[in-house]
Amino acid sequence: MSEKLEPLPGTADIWEPETSQWIFLEQTARGLFPRYGYSELRTPIFERTDVFVRGIGTETDVVQKEMYTFEDRGGRSLTLRPEGTAGVMRAIANQGVAEGDEKRVFYMGPMFRGERPAAGRRRQFHQIGAEAVGRAAPAMDAECIAMLVHFLEELGIRDSRLLLNSRGTAADRPAVAEALKAYFAPHKEALCPDCQRRLDANVWRLLDCKVEGCQPLINGAPKITELLGDESKTFFAEVCRNLDAMGVAYQVEPRLVRGLDYYVHTVFEIQHSGLGAQNALAGGGRYAIALASGDRTVEGVGFALGMERLLMARQSLNLAAAEAPGCQAYVVALGPQALALALPLAQELRRCGVRTLCETAGRSMKAQLRTANKVHAKFALIRGDSELEKGTIVCKNLDTSVQEEWPVAETAARLRAALAG
Ligand code: AMP
């Protein structure tokens, strides 16, 4: 027996009918995001490693433990993209954004992280994301979040929770870090080893820890929003006011920080109850970054959604599966003459928009009809010597078994009418 070649752990083949679900997600995004002024950007799947190290930050789990990095023949270090933002920023830096101008893009596609595979956690997973880069305004954050929520609505995903917080500006950081350190330091022994290290290296990231034992302490930590300066408090209040005005429901989660160090002001996450342990459906926030080294800092706001998790959420809600486009007509050909004319007829039907399969082997009528049923064709178009003589074709409705004989020249028009009827 031949050995089966399974896809690698944490990766998957996607077959119909699931493929149609993916296409539905992609088409919904492509239909919706342009309504908010976003256009699609496709960046390469691998980049110079440096693009991600600079973009994501060396202190993150993604950069420290999860990147698929390899050397090309020239000895350059390259990495399969673990997320979309860094590549998008590189691309935008290439084009430049004029001061006071704004670029809005969305993207979708595979991302790669060497994580331990689990339900909802893959090594090759897929994201849909959006970034609005160039300006700093709380209304932009609210608009971006509203678009994300609108997208979930369009997909029929209910029962999600939008968590919102502010990380303030760089000027707020020292005071917040000091307050957090003062709170956690007396409990150092009770923290997990990673958090003990974070206490000195980057105390903010301690709030992101998922280890069970650290949660009681984290839950009692000072609320970031209360430690921020006036400018940041005003910015956050404006984001909330705009969300309220648009009727977007949210919950302020004062200890939500999200991993990346470049976040300023708004951070948010969407959780869904149907996802189990990996309950984050989407995450994002406002960031301040230098597009190119030594360049001025620009601000942007964006998010990324996990496509696998979107599908899991839809499944948990029993949402109707998008239909895979099935075969509409099967051309049955009996005898060598009919067989020679089968492909040209199929081709004509396809040009007229009919999804058509066609006999290619000259098998028996029974075998051909069996195939037509197997591919769930709606109609079989049958032609043998006698039909050829009369210039006709027999159309059999495979659901009802009702047959009609048509002039062959009218096949396409009549079939389209039958499919529409
Ligand atoms: P992140 O880029 O880590 O902020 O993740 C954004 C979203 O991508 C998450 O909310 C998940 O929905 C999804 N995601 C992240 N990592 C994975 C993974 N390993 N497998 C599947 N989905 C993921």
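Residues numbered from 1 in each chain as written. Predicted model: local features only at pLDDT ≥ 70, side-chain atom pairs only at ≥ 80, totals over all residues. Heavy atoms only, no water.

### Considerations on the overall build of the protein
Test applied: Only runs of H or I of at least four residues qualify as helices and only runs of E of at least two qualify as strands under DSSP, and these elements are numbered from the N terminus. Restricting the calculation to C-alpha atoms gives the radius of gyration, and the globule rule supplies 2.2 Å times the number of residues raised to the power 0.38. Accessibility here uses a 1.4 Å probe with only protein chains present; expressed as a share of the type maximum, an area under 20% marks a residue as buried, one over 50% as exposed, and anything in between as partly exposed. Note on contacts: a residue pair qualifies if any of its non-hydrogen atoms lie within 4.5 Å across the two residues. Computed by Shrake-Rupley with a 1.4 Å probe, the accessible areas treat only the displayed protein chains as cover when residues are assessed. When charges are tallied, Lys and Arg are placed among the positive residues and Asp and Glu among the negative ones, while His and the ends of the chain are skipped. The location of each charge is read from NZ of Lys, CZ of Arg, CG of Asp or CD of Glu.
Scanning the protein from terminus to terminus reveals 15 helices and 16 strands. Here the protein has a C-alpha radius of gyration of 28 Å; the compact-globule value for 421 residues is 22 Å, and the former is much larger. When burial is assessed residue by residue, the protein has 47% of its 421 residues classed as buried. Partitioning the intrachain contacts of the protein with sequence separation of at least 6 by distance along the chain shows that 68% fall at a separation of at least 24. Summed over its atoms, the accessible surface of the protein is roughly 21,000 Å², and 52% of this surface lies on carbon and sulfur atoms. Across the protein, 51 positive and 53 negative side-chain charges occur, with their mean positions spaced 3 Å apart.

### Focus: the pattern of salt bridges
In plain terms, the rule: The working definition used for a salt bridge is a side-chain nitrogen of Lys or Arg within 4 Å of a carboxyl oxygen of Asp or Glu.
With the rule as written, the count across this model stands at 18 salt bridges. One network of salt bridges, in which partners are shared, links Glu102, Arg104, Arg135 and Glu143.

### Considering the site of the ligand
Stated formally: Working definition: residue near molecule or strand if any one of its non-hydrogen atoms lies within 4 Å of it. In protein, a polar contact requires one atom able to donate a hydrogen and another able to accept it; more generally it is a pair of N or O atoms within 3.5 Å, and residues adjacent in sequence count only if both atoms are side-chain atoms. Classification used: nonpolar for Ala, Val, Leu, Ile, Met, Phe, Trp, Tyr, Cys and Pro, charged for Asp, Glu, Lys and Arg, polar for all others including Gly.
Looking at the ligand, there are 14 residues lining it, with Arg113, Glu115, Arg122, Gln127 and Arg258 nearest. Arg258 places a polar side-chain atom, nitrogen or oxygen, 2.6 Å from an oxygen atom of the ligand. Separating an oxygen atom of the ligand from a backbone N or O atom of Gly306 is a distance of 3.2 Å. Elements supplying a minimum of two residues to the shell around the ligand: β6 (124–133), β10 (280–290) and β11 (297–306). When residues of the shell around the ligand are assigned to their parent elements, the largest contribution, three residues, is made by β10. Among the residues forming the shell around the ligand, the class breakdown is five nonpolar, three polar and six charged.

### Here's the deal with the state of the cysteines
Which entries qualify depends on this criterion: Counting rule for disulfides: a pair of cysteine sulfur atoms within 2.5 Å.
Inspection of the entire model under this criterion finds zero disulfides. Here Cys240 is not disulfide-linked; the sulfur of Cys144 is the nearest cysteine sulfur, at 15 Å. Free of any disulfide, Cys395 has its nearest cysteine sulfur in Cys327, 12 Å distant.

### Some words on the packing of helix α5 (residues 138–154) against helix α10 (residues 230–246)
A pair of packed helices is captured by two measures, namely the crossing angle of their axes and the spacing between those axes. The condition is simple: The axes are straight lines fitted to the C-alpha atoms, using for helices just the contacting stretch, and the angles between their N-to-C directions are given from 0 to 180°. Should an angle lie under 35 degrees it is considered roughly parallel, over 145 roughly antiparallel, and from 65 to 115 roughly perpendicular; all remaining angles are considered oblique. Each crossing gets its hand from how the near helix is turned against the far one by less than a right angle, where anticlockwise is left-handed and clockwise is right-handed.
Taken N-terminus to C-terminus, the directions of α5 and α10 make an angle of 40°; their axes are 8 Å apart at the nearest point. Judged by the angle between their axes, α5 and α10 are oblique. Note on packing geometry: the crossing formed by α5 with α10 is right-handed. Side by side, α5 and α10 meet where Pro138, Ala139, Asp141, Ala142, Glu143, Ile145 and Ala146 of the first sit next to Phe235, Glu238, Val239, Asn242, Leu243 and Met246 of the second.

### Looking at the sheet that holds strand β3 (residues 69–71)
Stated precisely, the cut-off is as follows: One bridge is not enough; two strands pair if DSSP finds at least two bridges between them.
Across the sheet, three strands lie side by side as β2-β4-β3; this open sheet has antiparallel pairing. The two strands at the open ends of the sheet, each matched to only one other strand, are β2 (46–48) and β3. With direction set aside, neighbouring strand axes in the sheet form an average angle of 35°. The pairing of β2 with strand β4 (residues 77–80) spans three bridges and is classified as antiparallel. Considered in β4, the bridge of Arg48 is made with Leu78. Contacting β2, β3 and β4, helix α2 (residues 49–56) runs over the sheet at an angle of about 80° to β2.

### Considerations on the domain arrangement of the protein
To keep it simple, the criterion reads: Domain start and stop positions are those given by an automatic or database domain assignment.
Splitting the protein by domain gives domain 1 (18–168 + 228–316) and domain 2 (329–420). Relative placement of domain 1 and domain 2: their C-alpha centres are 49 Å apart.

### A short note on the pairing of β11
The side chains of a regular strand alternate, residue by residue, between the two faces of the sheet. For β11, the buried fraction is high: eight of the 10 residues fall into the buried class. Across seven bridges, β6 lies against β11 in antiparallel orientation. Paired with Val133 across the two strands is Gly300, which belongs to β11. The pairing of β10 with β11 spans nine bridges and is antiparallel. The partner of Gly284 across the bridge, within β11, is Phe303.

### Observations concerning helix α6 (residues 173–184)
Put simply, the test is: Every helix has an expected span of 1.5 Å times one less than the residues it contains. Arc, as used here, means the arc of the directions from the helix axis to the C-beta atoms.
Helix length check: α6 (12 residues) gives 16 Å between terminal C-alpha atoms against 16 Å at 1.5 Å per residue, within 8%. Three or more residues of α6 are buried, namely Val176, Ala177, Leu180 and Phe184. The arc enclosing the buried residues of α6, seen along the axis, measures out at 95°, which places them on a common side. Turned more than 90 degrees away from the buried face of α6 sit Glu178 and Ala182, all of them exposed. Residues of α6 that are buried sit in contact with α7 (193–201), α8 (215–219) and α9 (224–227).

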